[in-house]
Amino acid sequence: MTIDGNYVAGEPPPQQPGSFPVTVGWTQAAIAVSSVMVLKTPVNLKMRIELHGPLLIDFGHHAFSWSTPLEHFPVDAVHTGLETLVAGPDALPLFELPGQDLDGLLWEMGMNSFDGKPAFWLSPDERYRLTRWPNLTHHSHNMRQVKMIAVLGNAYVSTSELAAYAGAEEEEAQRLVNALSLMRILSRSAVAPAAPVVPETIAAQKQSLFGRLRKRMGR
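Residues numbered from 1 in each chain as written. Predicted model: local features only at pLDDT ≥ 70, side-chain atom pairs only at ≥ 80, totals over all residues. Heavy atoms only, no water.

As a further point, take the pattern of salt bridges. Applying the stated criterion across every chain, the model contains six salt bridges. Residue Arg127 is joined to Glu161 by a salt bridge in which the shortest nitrogen-to-oxygen separation is 2.7 Å. Taken together, the residues Arg127 in strand 8 (residues 127-130) and Glu161 in helix 4 (residues 159-166) connect sequence positions 34 residues apart. The pair formed by Arg127 and Glu161 is uniform in burial state, with each residue classed as buried. A salt bridge links Glu172 to Arg144; the nearest nitrogen and oxygen atoms lie 2.8 Å apart. Taken together, the residues span a long stretch of sequence, with Glu172 in helix 5 (residues 170-182) and Arg144 in helix 3 (residues 143-152) at a distance of 28 residues. A relative accessible area of 14% places Glu172 in the buried class. A relative accessible area of 39% means that Arg144 is categorised as partly exposed. (Salt bridge = Lys/Arg side-chain N within 4 Å of Asp/Glu carboxyl O. Helix = DSSP H or I, 4+ residues; strand = E, 2+ residues; numbered from the N terminus. Buried < 20%, exposed > 50% of the residue type's maximum accessible area, 1.4 Å probe, protein only.)

Below you can see the structure in the form of structure tokens.
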């Protein structure tokens, strides 16, 4: 069975105000975000982060507001609290819209959580494929990550296959899969067969990806 990228099974209930433990890093925050994103009731999040001010996330507008620039993303941030806020058409916005695009935050959060191990919502023996191209202007990346994104745009691959095709460490491939799955742009399949990805195809995908990126940047 192929699992759509917008569906995640086995999510825990959302965190309630006061129940969020003081934590270092982004794993608990990623779990909270993933939990909220699959709720049928519109909910926003307010995270309290020591020395970095509140992080406000508006899922309905796919936006966030934070005084800390993503270029200075605090990998070892100390999270001191989390509050879920009911959202809806009659609710006041958390911040002045449009805010910042949420994909950039989800990328950083996914890349820096779970210590490079699979996110808890991912199942063993699955393969992954992109459902849409990420906008690379919204987050930082290196050439290995771009190559892995190109592979995922071409075929269903497991994390180990992805690492092998891209010449990357498996932990790096897993962090990328975690990030793209948190962004909800991966389709997941437990039955898709292994598919060879020839270098020419990867190069063509990368060229197409760079063309899209240049177009977005007006170059």
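Here we take up the confidence of the model for the protein. Taken as a whole, the protein shows an average pLDDT of 83; of its residues, 80% reach a score of 70 or greater. Considering only residues more than four positions removed or in separate chains, one finds that residues 1-18, a stretch of pLDDT under 50, has 46 contacts. (pLDDT = per-residue confidence, 0-100. Contact = heavy atoms within 4.5 Å.)

Spatial strand order, 2-6-3-4-5-7: six strands in an open sheet with antiparallel pairing. The sheet is open, and its two borders are formed by strand 2 (23-24) and strand 7 (100-101), each paired with just one other strand. With respect to the sheet, helix 1 (residues 27-37) is in contact with strand 2, strand 3 (43-49), strand 4 (53-58) and strand 6 (78-86), its orientation differing from that of strand 3 by roughly 170°. (Pairing = 2+ DSSP bridges. Axes fitted to C-alpha atoms, helices over the stretch in contact; angles between N-to-C directions.)

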